[in-house]
Amino acid sequence: MSQKHPVIAVTGSSGAGTSTVKNSFEHILRREKLKAVIVEGDSFHRYDREAMKKAVADSEKDGGRPISHFGPEANEFEKLETLFKEYGESGSGQTRLYLHNEEEAAPWNQKPGTFTPWSSIEPGSDLLFYEGLHGGVKSDTADVAKYVDLLVGVVPIVNLEWIQKIFRDTNARGYSAEAVTHTILRRMHDYVHYITPQFSRTHINFQRVPTVDTSNPFIAREIPTLDESMVVIRFRYPENVDFSNLLTMIHDSFMSRLNTIVVPGGKMGMAIELILTPLLTDIVAKSRA
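Structure report, in brief. Quantities reported herein were computed from a predicted structural model and do not represent experimental measurements. (Residues numbered from 1 in each chain as written. Predicted model: local features only at pLDDT ≥ 70, side-chain atom pairs only at ≥ 80, totals over all residues. Heavy atoms only, no water.)

### Here we look at the side chain of Glu76
Thought 1: The topology assignment puts Glu76 in the loop between helix H2 (49–60) and helix H3 (77–90).
Thought 2: We classify Glu76 as buried; its relative accessible area is 13%.
Thought 3: Not counting chain neighbours up to four residues away, the residues in contact with Glu76 comprise Phe44, His45 and Arg46. (Helix = DSSP H or I, 4+ residues; strand = E, 2+ residues; numbered from the N terminus. Buried < 20%, exposed > 50% of the residue type's maximum accessible area, 1.4 Å probe, protein only. Contact = heavy atoms within 4.5 Å.)

### Section: the sheet that holds strand E1 (residues 7–11)
Thought 1: Pairing is mixed in the open sheet, where 8 strands are placed in the order E2-E7-E1-E8-E9-E10-E12-E11. Each edge of the open sheet carries a strand with a single partner, namely strand E2 (36–40) and strand E11 (254–257). Averaged over all neighbouring strand pairs, the angle between strand axes comes to 20 degrees, with direction disregarded.
Thought 2: In this structure, strand E8 (residues 150–156) lies alongside strand E9 (residues 204–210), joined through 5 bridges in parallel fashion. In the strand pairing of E9, Pro156 is matched with Arg208.
Thought 3: Along the sheet, H3 contacts E1, E2 and strand E7 (127–132); its crossing angle with E7, the most-contacted strand, is approximately 160 degrees.
Thought 4: Of the strands in this sheet, E8 and E9 touch helix H5 (residues 158–171), which is tilted by about 75 degrees from E8. (Pairing = 2+ DSSP bridges. Axes fitted to C-alpha atoms, helices over the stretch in contact; angles between N-to-C directions.)

### Thoughts on the environment of Val158
Thought 1: Counting through the fold element by element, Val158 comes out in helix H5.
Thought 2: For Val158, a relative accessible area of 32% puts it in the partly exposed group.
Thought 3: With 56 residues separating them along the chain, Val158 and Thr214 place their C-alpha atoms 9.8 Å apart.

### Examining a nonpolar patch on the surface
Thought 1: A cluster of nonpolar side chains, namely Leu247, Phe254 and Met255, defines an oily patch on the protein surface of about 230 Å² accessible area.
Thought 2: Locating Phe254 in the fold gives a position in strand E11. (Patch = residues over 30% accessible without salt bridge, like charges linked within 9 Å, V, L, I, M, F, W, Y side chains within 5 Å. Areas by Shrake-Rupley, 256 points an atom, 1.4 Å probe, with all protein chains shown as cover. Salt bridge = Lys/Arg side-chain N within 4 Å of Asp/Glu carboxyl O.)

Structure representation (structure tokens):
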């Protein structure tokens, strides 16, 4: 699909490498002088921080299936679908911000963990850039993926994802290992049904695979670095990809399948810019034409 106003979505769990992708996109946007509307997935959660704690506790009462930020009960999938559709058609739509911490909340005179009011997108942007959990999600009531021009998945193998979750929540947020393990288990139903299916809808997937032993993520003492990883990049439409150029440009890369190239983890940012710059500029050029 090529809309008058392109929608670009990077979907993947936080800590998966989405920040590397976001930084690479920012480089591309700055270099190509493109004005983007930035949308964070957290802003389409259904509950603020305090309400979410209560909603989770209520859902677990009497042995019920718990809700999580991965699933439809805790998110506004329909509003996200509407935003992508409206933006694609007219370059407008309603967005808001989720205020994660004191620094983000201070200018709004609000508490951290709350949302800003909904507001209209200013006219004159070249594209919408979404980064979050649900850029390609489908549910019984919404099909967000339908309105995305370029869908990019960023996903570590699941053991690495768990290591990152455990390490971040125990060290930065002060949770016990048992509490984090409970959260992982609580979210598993939604992870299987709403997160992983997105990576079959992506145009390009970047999957980070560690080259160190992560066989028991629940006892890992540190997160494998990018240099201790390889990145597996899979293309839905390999016939449009100049693999020989990528292999020449990215040292120590190789093809593992006809639609897949593998690059050293430390070259992930470079690979993203080499692959996505021509795609992005082509989409914007077609939208302008």
